[in-house]
Amino acid sequence: MTAYAFVNLTITNPDSFAAYRERAGDALKRHGGAPLEVSKDSEVIEGTATAPTVAVILTFPDRAAAKAWINDPELAEVHALREESGSSNIILM
């Protein structure tokens, strides 16, 4: 069953984020993932959360593929670039 992940990024290091973006697509493809939607115009319409700089909805073939992507030791360097970009939360749905 298809799984989705909501990625919430608040970018404080644009250079690291640019390097991440160059490699993120191939890293996702490795586990069957792809971006479904990307927005730089997120807005909170209820609650007190702060809108992220970038919000992304990722799609994966299933939950196992999403977990394999985030836990793949060969992708640690790519994930580190995202982490160095600022703060992020990834929520598997």
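Read on for an overview of the structure. Numbers given to residues run from 1 along each chain, matching the order in which its sequence is written. A pLDDT threshold of at least 70 governs which residues receive local features in this predicted model, and a stricter bar of 80 or more applies before side-chain atom pairs are shown or counted, although totals over entire chains, interfaces and linings include all residues. Think of the side-chain values as coming from all heavy atoms in the structure, minus any hydrogens and water.

1. Remarks on the packing of helix α1 (residues 14-29) against helix α3 (residues 76-84)
Point 1. Viewed as axis vectors pointing N to C, α1 and α3 meet at an angle of 145°, and their least axial separation amounts to 8 Å. In this structure, α1 crosses over α3, and the sense of that crossing is left-handed. Contacts from S16, A19, Y20, R23, A24 and A27 of α1 reach α3 at E77, V78, L81, R82 and E84. Here an angle of 0 to 180 degrees is reported between the N-to-C directions of two axes, which are lines fitted to C-alpha atoms, with helices fitted over the stretch in contact. By definition, any uninterrupted DSSP run of H or I lasting at least four residues is a helix, any uninterrupted run of E lasting at least two residues is a strand, and each is numbered from the N terminus. Here a crossing is called left-handed whenever its near helix is offset anticlockwise from the far helix by less than a right angle, and right-handed whenever the offset is clockwise. Here, residues are in contact when the closest pair of their heavy atoms is within 4.5 Å.

2. Concerning the sheet that holds strand β3 (residues 54-60)
Paired through backbone hydrogen bonds, the strands of a sheet run either parallel or antiparallel to each other.
Point 1. Ordered in space as β2-β3-β1-β4, the four strands form an open sheet in which the pairing is antiparallel. Only two strands of the sheet have a single neighbouring strand rather than two, namely β2 (34-39) and β4 (86-92). Between one strand and the next, the sheet's axes are offset by a mean angle of 20°, whatever the strand orientation.
Point 2. For strand β1 (residues 3-11) and β4, the ladder comprises seven bridges, and the chain directions are antiparallel. Note on β4: the bridge partner recorded for I11 is G86.
Point 3. Sitting on the sheet, α3 is in contact with β1 and β4, with an inclination near 120° to β4. Between any two strands, at least two bridges found by DSSP are needed for them to pair.

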